[in-house]
Amino acid sequence: MAQMEEITEGVNNINLVGGGVGGGDSHKKNRIQVSNTKKPLFFYVNLAKRYMQQHNEVELSALGMAIATVVTIAEILKNNGLAVEKKIMTSTVDMKEDSRGRPVQKAKIEILLGKTDNFDELMAAAAEERDGGDGEEQN
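Since this is a predicted model, take the numbers as computed values, not measurements.

**Some words on the sheet that holds strand β3 (residues 83-96)**
Phase 1: A sheet is described by the order of its strands in space; here 4 strands give the open sequence β1-β2-β4-β3, paired in mixed fashion. Here the strands that pair on one side only, and so sit at the sheet edges, are β1 (31-33) and β3. Adjacent strand axes in the sheet meet at a mean angle of 20° when their direction is disregarded.
Phase 2: Relative to strand β4 (residues 103-115), strand β2 (residues 57-63) is paired through 7 bridges, and the arrangement is antiparallel. Among the inter-strand pairings, E57 is bridged to a residue of β4, identified as G114.
Phase 3: Running at roughly 140° to β2, helix α2 (residues 41-55) makes contact with β1, β2, β3 and β4 of the sheet.

This is the structure we're talking about:
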């Protein structure tokens, strides 16, 4: 099972060099490549929060069927007041199909989200709530 986790981590860290989005910085530390089969939705939501804490913004990237998952993650973060949309990029990526090795084109989306002004206080409030919220219940 540990080997599967390593493979999953490896897959999540692969950078697809397609349309050269963002110029020379193709190996970004704040990019999350989302798959809709490998991890549950809230794994990505929580990872995106952590990336925004560390880098002030996060880039969510997905191909094909995983695009809907990326949009859902972005909407959850926006609706909770944690993120603002900075940029949305779409493109088409050429890939090899597994069975016959034929080239296929896959849709790709990249959504750049930034922290909202009250991101830090919302995160602190959520952490306090999780840790038992001292004193508020004693009214």
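**Notes on the pattern of salt bridges**
Phase 1: Following the criterion strictly, the structure yields 6 salt bridges and no others.
Phase 2: The partner of E59 in a salt bridge is R31, with the nearest N and O atoms 2.7 Å apart. With E59 in strand β2 and R31 in strand β1, the pair connects residues that are 28 residues apart, well separated along the chain. Each member of the pair, E59 as well as R31, is classed as buried.
Phase 3: K78 is the salt-bridge partner of E85, the closest N and O atoms lying 2.4 Å from each other.
Phase 4: Overall, the relative accessible area of 40% leaves E85 in the partly exposed class.
Phase 5: Its relative accessible area of 25% is what places K78 among the partly exposed residues.
Phase 6: Through salt bridges with shared partners, a single ionic network connects R31, E59 and E110.

The rules behind the values
Residues numbered from 1 in each chain as written. Predicted model: local features only at pLDDT ≥ 70, side-chain atom pairs only at ≥ 80, totals over all residues. Heavy atoms only, no water. Pairing = 2+ DSSP bridges. Helix = DSSP H or I, 4+ residues; strand = E, 2+ residues; numbered from the N terminus. Axes fitted to C-alpha atoms, helices over the stretch in contact; angles between N-to-C directions. Contact = heavy atoms within 4.5 Å. Salt bridge = Lys/Arg side-chain N within 4 Å of Asp/Glu carboxyl O. Buried < 20%, exposed > 50% of the residue type's maximum accessible area, 1.4 Å probe, protein only.

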